[in-house]
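Survey of secondary and tertiary structure
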Protein chains: 4
Amino acid sequence: MEQRVPDTFKWPDGFRAAAVISVDVDAESGILTDHPQTAAHLNVVAHQAYDALAGVPRLLRILERQALPGTFFVPGFTADRWPDLIRTIRDVGHEIGHHGYQHEPVHGVDEATERDYLVRGLDALERVAGVRPTGYRAPKFKLNFRSPRLLVEHGFRYDSSLMDSDVPYRLATGVEPDSPTLIEMPVQWALDDWSQFAFMPGILPGTTIESPSKALDLWMLELEASVAEGACFMLTLHPYLSGRPSRAHAIEQLIERMKSIDGLWIATAGDVAEHAAALDLPARWHRPLPGADN
Amino acid sequence: MEQRVPDTFKWPDGFRAAAVISVDVDAESGILTDHPQTAAHLNVVAHQAYDALAGVPRLLRILERQALPGTFFVPGFTADRWPDLIRTIRDVGHEIGHHGYQHEPVHGVDEATERDYLVRGLDALERVAGVRPTGYRAPKFKLNFRSPRLLVEHGFRYDSSLMDSDVPYRLATGVEPDSPTLIEMPVQWALDDWSQFAFMPGILPGTTIESPSKALDLWMLELEASVAEGACFMLTLHPYLSGRPSRAHAIEQLIERMKSIDGLWIATAGDVAEHAAALDLPARWHRPLPGADN
Amino acid sequence: MEQRVPDTFKWPDGFRAAAVISVDVDAESGILTDHPQTAAHLNVVAHQAYDALAGVPRLLRILERQALPGTFFVPGFTADRWPDLIRTIRDVGHEIGHHGYQHEPVHGVDEATERDYLVRGLDALERVAGVRPTGYRAPKFKLNFRSPRLLVEHGFRYDSSLMDSDVPYRLATGVEPDSPTLIEMPVQWALDDWSQFAFMPGILPGTTIESPSKALDLWMLELEASVAEGACFMLTLHPYLSGRPSRAHAIEQLIERMKSIDGLWIATAGDVAEHAAALDLPARWHRPLPGADN
Amino acid sequence: MEQRVPDTFKWPDGFRAAAVISVDVDAESGILTDHPQTAAHLNVVAHQAYDALAGVPRLLRILERQALPGTFFVPGFTADRWPDLIRTIRDVGHEIGHHGYQHEPVHGVDEATERDYLVRGLDALERVAGVRPTGYRAPKFKLNFRSPRLLVEHGFRYDSSLMDSDVPYRLATGVEPDSPTLIEMPVQWALDDWSQFAFMPGILPGTTIESPSKALDLWMLELEASVAEGACFMLTLHPYLSGRPSRAHAIEQLIERMKSIDGLWIATAGDVAEHAAALDLPARWHRPLPGADN
């Protein structure tokens, strides 16, 4: 049966749209998983360590100045390597979400392995910061068809990895009407700073580093349009990219614009997800395609 | 014998140029054909489903607000997966064209296979929406030398896949003067939103996502110049890209500019093709190159 | 012995810099050499045929309107396939240069093969248009260390393929003081429209199509700076790219700016090369590097 | 033990930030190492020789006009091939640093080989210009975990290759508190002109050449933000890229802006490193990751 186009999303009283500032604290985790040989490459390790040594601290200062909460998705590996950093994020009141253990993409792995990533990530956040996250962001935004079910089974209340909607929705874990559900907090590539700033010759394919003014133009336009459309503007930042001085300044300009917009709810992913969970939303089930078996 | 440079194209009385808003509703079809393993990747499937779940609906709202008809090229697979969507496109009066069954590129396949794609696509559009399209857009704009002949044999009156002209022309299916012909409605890469917005690490090669303001600048300049040159401005949109809020707003600005231009005929590809078919146009035959055998 | 940094180049009386509008009429030749399978791909062949069917005619109209001569580097294959086009270029008074037979890169081929490309290209231009070019532009700007000697042996007076200078210079064909020489008319990637507009998924690596306004900004800045530095501004256009309406309009704006600059000599590559040949220029010999054997 | 986020860096009295103009004079060295076959390709060799024949001379003229010192990192191979050029850089008072012998990336090589690159580079700079550099910039910014120790053993006082900080810091060569240290002068990709201008089809992956105005916008924004954050703005130029007329003009505009900023210390990398060395800075040790063994 065909899925219905969603009706207008109902925001809390007084609000007509929402914005979430999410930060993926990948640090060394992802590059080590994708390119294990870089473990021996001091320059690559240092490049990623900018997350912890300069990028997150600068973004935290911005959020403090602007008096806004952020949502930090933290791989377990990052928590283990930079425990004080994660505890600081927690202590100043930001939300901490799950982002895999070593930023492992789950495509092509079996269910037991995928579960193991979840458990190891949960254990690390618990061990390091005593945090039990309610939200999950898939490394590289990659999910299997089975993944929503696994997330529910491990106690997650929302996922933030899919790009099929402009607003939060209820994500079904199976075709049966009584299948468990969780809330999906959608993302999009154009609001991920990685598409604008990532650059690493020989590791990433050929790209050009954009000016912060270009990224700001892109994000401002999407912010304005998201408000007009009643959407949820989900910004995704990587501190080793957007923590650089001029990019961080652009982020702060974007945040100042957010605050100036009447009726825009700036909140954590978790708070927005809880709002969505309280609505009477129909569940969307993504029908597998021929050839899918997970 | 060498082909002649075409004379000035004769537009209907009162018009000096034309613009067509074409929309390729690929949804999951193309990525599943190019990368079958993504059938198991929920995030990729959801990314493409944005077409049906948000992008097409938003573009339909724009066309309704602007009171303009569009031409939607729909793969049969999309029609089968999202039948209500296709029926809605039909019901509000837009043109529906053929776009392969599962968005299969025809390079390197034999004639029987290429025919099969045509038939399966026709069957799906007939079965789902009762539509018999007169226009064809090749998946990825890819055609073989034999393709125009096959299109004529299957009843198509126009194709919209080639980049050798700024205006419609009569396309010969063979070198003989009495070879059947059809109308070609030319496209170009720079007017395809895919060149500006497509982004999928690990699946697409390294690109950078452009701002809607850059794409709008590019398209506005080509629109103005196309009018000055008496050309046919053929915009090609993918709703999972251009259906995003700020991009859709840019598209609407572009359309508003179109409407403000005196003497610009904004029409469906089918209507422009019918106009061209009624002109006394010489037929262009593309001479095969050494090594071509299809 | 180390080469000297060149002194200021002496332009003709009244001039302080020069600009050349060069056009590489590759049409189908290059893509057929690089990707022989595309001979069977009607869309690729048509994409390249835009050169002959729309791009060159539009650029010729601009040059006529602006009353300026251009230098057209024409592969023999293009001359054979589009003879009337080449004769038109000749008849309206533009310079025609050599650009290989089928746009063959000469890296890795033996001397006999490289000679054969030269001879076949010369034969085609003679046969089709009765033209004996004095200038050569290497396909893809690729030269071997032996190439300048071969060019001299085949009667060429200048080459336009190297990127080691901002001004024309005398290029030695060997280390001996009495080695024959020819004039080098340098090019640069940033003034080649290919770097801004080339786009062909699956054939070219991932790029983004730039707006004509960006290319114009880039070229205007280099034009102004070239004049200030007394350089030779060598624009390289591909009509299947820059012959598109809005890009051609940008080119015309650039040309109008050229004409407004006091002391800028706008000439063919051949005329500038003849001027350089009449100066008492020292010959530059590029010392081979370890590992070079051609 | 987790590394601390660095406190505010203490600049000399009267200064609140610093800027360094560094120039990597790769010339033919790097491309010959990465793509040995290009030794036979005259156009590639000439493209790189622009460094010596036009780019460095133009940048030297700018620095002279602006009365500012630069830091030139010179591969030994460049010194051997262009000795007069290197002696000129030395004679007019700029700093000369080490940049490998033939621009060899050190990833994956054993310690003896890495030492050999250092020694050969030192020998060439001594032999050609009588210079014993105190600073090192790794070819491609690539370092192994062992590299800082080797640099100390060969008498270097600072390295300029890592991207983990916005300000200079003391880099430990081992985990023991009494391990020798050197100063790190951090770089970043966005301030490397290579990310904006590098272009060589078939050798580099697909990129687009940016306008100097875009690069200038990017660098101006980072300059302003670096000053606001008390950072060290480390510009990295390649003369075969930024020595082109309009790019060099943009560089000069950037330098003029630097000079207009109150409290910005414009100095060589060596001078800034000596300042940092005199501060009581804690040493940062980069903990190896699992899998690293060098």
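Details of the structure are given in the entry above.
Since the model is a prediction, treat every value here as computed from it, not as a measurement. (Residues numbered from 1 in each chain as written. Chains lettered and ligands numbered in written order. Predicted model: local features only at pLDDT ≥ 70, side-chain atom pairs only at ≥ 80, totals over all residues. Heavy atoms only, no water.)

1. Focus on the overall build of chain A
Within chain A, the regular secondary structure consists of 11 helices and 10 strands. In summary, chain A has a C-alpha radius of gyration of 18 Å against a globular reference of 19 Å for 294 residues, a match within 12%. Looking at chain A residue by residue over its 294 residues, the buried ones come to 68%. Entry remark: accessible area of chain A is about 9,600 Å², with carbon and sulfur atoms responsible for 51%. One way to put it: in chain A the 27 positive side-chain charges average out to a point 3 Å from where the 41 negative ones average out. (Helix = DSSP H or I, 4+ residues; strand = E, 2+ residues; numbered from the N terminus. Rg over C-alpha atoms; globule rule 2.2 N^0.38 Å. Buried < 20%, exposed > 50% of the residue type's maximum accessible area, 1.4 Å probe, protein only. Areas by Shrake-Rupley, 256 points an atom, 1.4 Å probe, with all protein chains shown as cover. Lys, Arg positive; Asp, Glu negative; His and termini not counted. Charge placed at Lys NZ, Arg CZ, Asp CG, Glu CD.)

2. Regarding the interface of chain A and chain B
The interface is formed by 48 residues belonging to chain A together with 39 residues belonging to chain B. In this assembly, chain A packs against chain B so that about 3,700 Å² is buried in total across both faces, 59% of it on carbon and sulfur atoms. The interface formed by chain A and chain B holds 5 salt bridges in total. Of the charged contacts, one joins Arg58 of chain B and Glu229 of chain A as a salt bridge, the two residues approaching to 2.8 Å between their closest N and O atoms. Connecting chain A to chain B are 16 residue pairs in polar contact (both at pLDDT 80 or more). Per-element tally for the side of chain A that touches chain B: the top contributor is helix α8 (residues 212-229) of chain A, with 9 residues. (Contact = heavy atoms within 4.5 Å. Buried area = accessible area lost by both parts, 1.4 Å probe. Salt bridge = Lys/Arg side-chain N within 4 Å of Asp/Glu carboxyl O. Polar contact = N/O pair within 3.5 Å; in protein donor to acceptor, adjacent residues only side chain to side chain.)

3. Remarks on the environment of Thr38 of chain B
Residue and element names in this part refer to chain B. Its location among the elements puts Thr38 in the loop between α1 (29-34) and α2 (42-66). Since its relative accessible area comes to 2%, Thr38 is described here as buried. For the pair formed by Thr38 and Arg149, sequence separation is 111 residues and the distance between their alpha carbons is 34 Å. Beyond its immediate sequence surroundings of up to four residues, Thr38 is in contact with Ile31, Leu32, Val44, Val45 and Ile203.

4. Looking at the relation of the copies chain A and chain B
Mapping between the two copies of the chain is achieved by a rotation about an axis and a shift along the axis. Mapping chain A onto chain B calls for a rotation angle of 90 degrees and an axial translation of 0.0 Å; the resulting RMSD is 0.0 Å. In the structure described here, the two chain copies are related by an operation that fits a four-fold rotation axis. Looking at the rotation axis and the C-alpha trace of chain A, the residue lying nearest is Gly206 of chain A, at 3.9 Å. (Least-squares fit on C-alpha atoms with pLDDT ≥ 70 in both.)

5. Looking at the pattern of salt bridges
Residues and elements named next belong to chain A. As enumerated under the stated definition, the model contains 87 salt bridges over all chains in all. Residue Arg115 pairs with Glu153 through a salt bridge whose shortest N-O separation is 2.5 Å. Note that Arg115 is positioned in helix α5 (residues 111-129) and Glu153 in helix α6 (residues 147-153), a separation of 38 residues in sequence. On the basis of relative accessibility, which here comes to 41%, the residue Glu153 falls in the partly exposed class. The partner of Lys214 in a salt bridge is Glu210, with the nearest N and O atoms 3.1 Å apart. Accessibility assignment for this pair places Lys214 and Glu210 in one class, buried.

6. Brief notes about α2 of chain B
Residue and element names in this part refer to chain B. Along its 25 residues, α2 runs 35 Å from first to last C-alpha, staying within 8% of the 36 Å computed at 1.5 Å per residue. The largest bend along α2 measures about 45 degrees and falls at Ala49. In terms of residue burial, α2 counts as a mostly covered element, since 22 of its 25 residues are buried. Ala67 sits one or two positions beyond α2 and adopts a positive phi of about 55 degrees. (Expected span 1.5 Å × (residues − 1). Bend = angle between axes of the 7 residues up to and from the residue.)

7. Comments concerning the packing of helix α2 (residues 42-66) of chain C against helix α4 (residues 83-91) of chain C
Residue and element names in this part refer to chain C. Where α2 contacts α4, the two axes come as close as 11 Å, and the packing angle between them is 5 degrees. With respect to their mutual orientation, α2 and α4 come out roughly parallel. Facing α2, whose interface residues are Ala52, Val56, Pro57 and Leu60, α4 presents Leu85, Thr88 and Ile89. (Axes fitted to C-alpha atoms, helices over the stretch in contact; angles between N-to-C directions. Parallel < 35°, antiparallel > 145°, perpendicular 65-115°, else oblique.)

8. A few points about the interface of chain D and chain C
Across the boundary between the two partners, chain D contributes 38 residues, which contact 48 residues of chain C. When chain D packs against chain C, close to 3,700 Å² is buried across both sides, 60% of that on carbon and sulfur atoms. On the chain D side of the interface with chain C, the three residues burying the most area are Leu42, Leu53 and Arg81 of chain D, jointly 19% of the side's total. On the surface where chain D and chain C come into contact, there are 16 residue pairs in polar contact (both at pLDDT 80 or more). For the side of chain D that touches chain C, the secondary-structure elements that each account for two or more residues are α2 (42-66), α3 (76-81), α4 (83-91), α8 (212-229) and α10 (245-260) of chain D. A total of 12 residues in the side of chain D that touches chain C trace back to one element, the largest contributor, which is α2 of chain D. Class assignment of the residues belonging to the side of chain D that touches chain C gives a composition of 20 nonpolar, 10 polar and 8 charged. (Nonpolar A, V, L, I, M, F, W, Y, C, P; charged D, E, K, R; others polar.)

9. Some remarks on the side chain of His98 of chain C
Along the polypeptide, His98 of chain C turns up in strand β3 (residues 95-98). A distance of 3.0 Å separates the side chain of His98 of chain C from the backbone nitrogen of Gly100 of chain C, its partner in a polar contact.

10. Notes on helix α10 (residues 245-260) of chain A
In this model α10 of chain A runs 23 Å from its N-terminal to its C-terminal C-alpha over 16 residues, within 8% of the 22 Å that 1.5 Å per residue would give. Regarding α10 of chain A, the residues found buried are Pro245, Ser246, Arg247, Ala248, Ala250, Ile251, Glu252, Leu254, Ile255 and Met258 of chain A.

11. Comments concerning the relation of the copies chain D and chain C
Aligned on chain C, chain D shows an RMSD of 0.0 Å; the corresponding rotation is 90 degrees and the shift along the axis is 0.0 Å. Both copies present different contact surfaces, since only 11% of the interface residues of chain D are interface residues in chain C too.

12. Re the pairing of strand β8 (residues 232-237) of chain D
Residues and elements named next belong to chain D. Along β8, 6 of the 6 residues are buried, which leaves the element largely enclosed by surrounding structure. What you see with β8 is no split at all: Cys232, Met234 and Thr236 on one side and Phe233, Leu235 and Leu237 on the other are buried throughout. Here strand β1 (residues 17-24) runs beside β8; their pairing, made up of 6 bridges, is parallel. Note on β8: the bridge partner recorded for Val20 is Met234. (Pairing = 2+ DSSP bridges.)

13. Here we look at the arrangement of the chains
One thing to see here is that chain A and chain C don't touch, and their nearest C-alpha atoms sit 8 Å from each other. The two partners chain B and chain D share no contact, and the minimum distance between any of their C-alpha atoms is 8 Å.

14. So, the environment of Tyr158 of chain C
Residues and elements named next belong to chain C. By the element assignment, Tyr158 lies in strand β5 (residues 158-159). Separated by 20 residues in the primary sequence, Tyr158 and Asp178 have C-alpha atoms spaced 18 Å apart. Reaching out from Tyr158, the side chain makes a polar contact with the side chain of Glu95 at a distance of 2.7 Å.

15. Observations concerning unusual backbone geometry
The backbone of His103 of chain C shows a phi angle near 60 degrees, a positive value even though the residue is not glycine. When you line up the elements, His103 of chain C lands in the loop between β3 and α5 (111-129). Assessed through its relative accessible area of 6%, His103 of chain C is described here as buried. Its identity as a non-glycine residue notwithstanding, Ala67 of chain D has a phi of 55 degrees, on the positive side. As for its position among the elements, Ala67 of chain D is in the loop between α2 and β2 (71-74). According to the relative accessible area criterion, Ala67 of chain D is exposed, its value standing at 64%.

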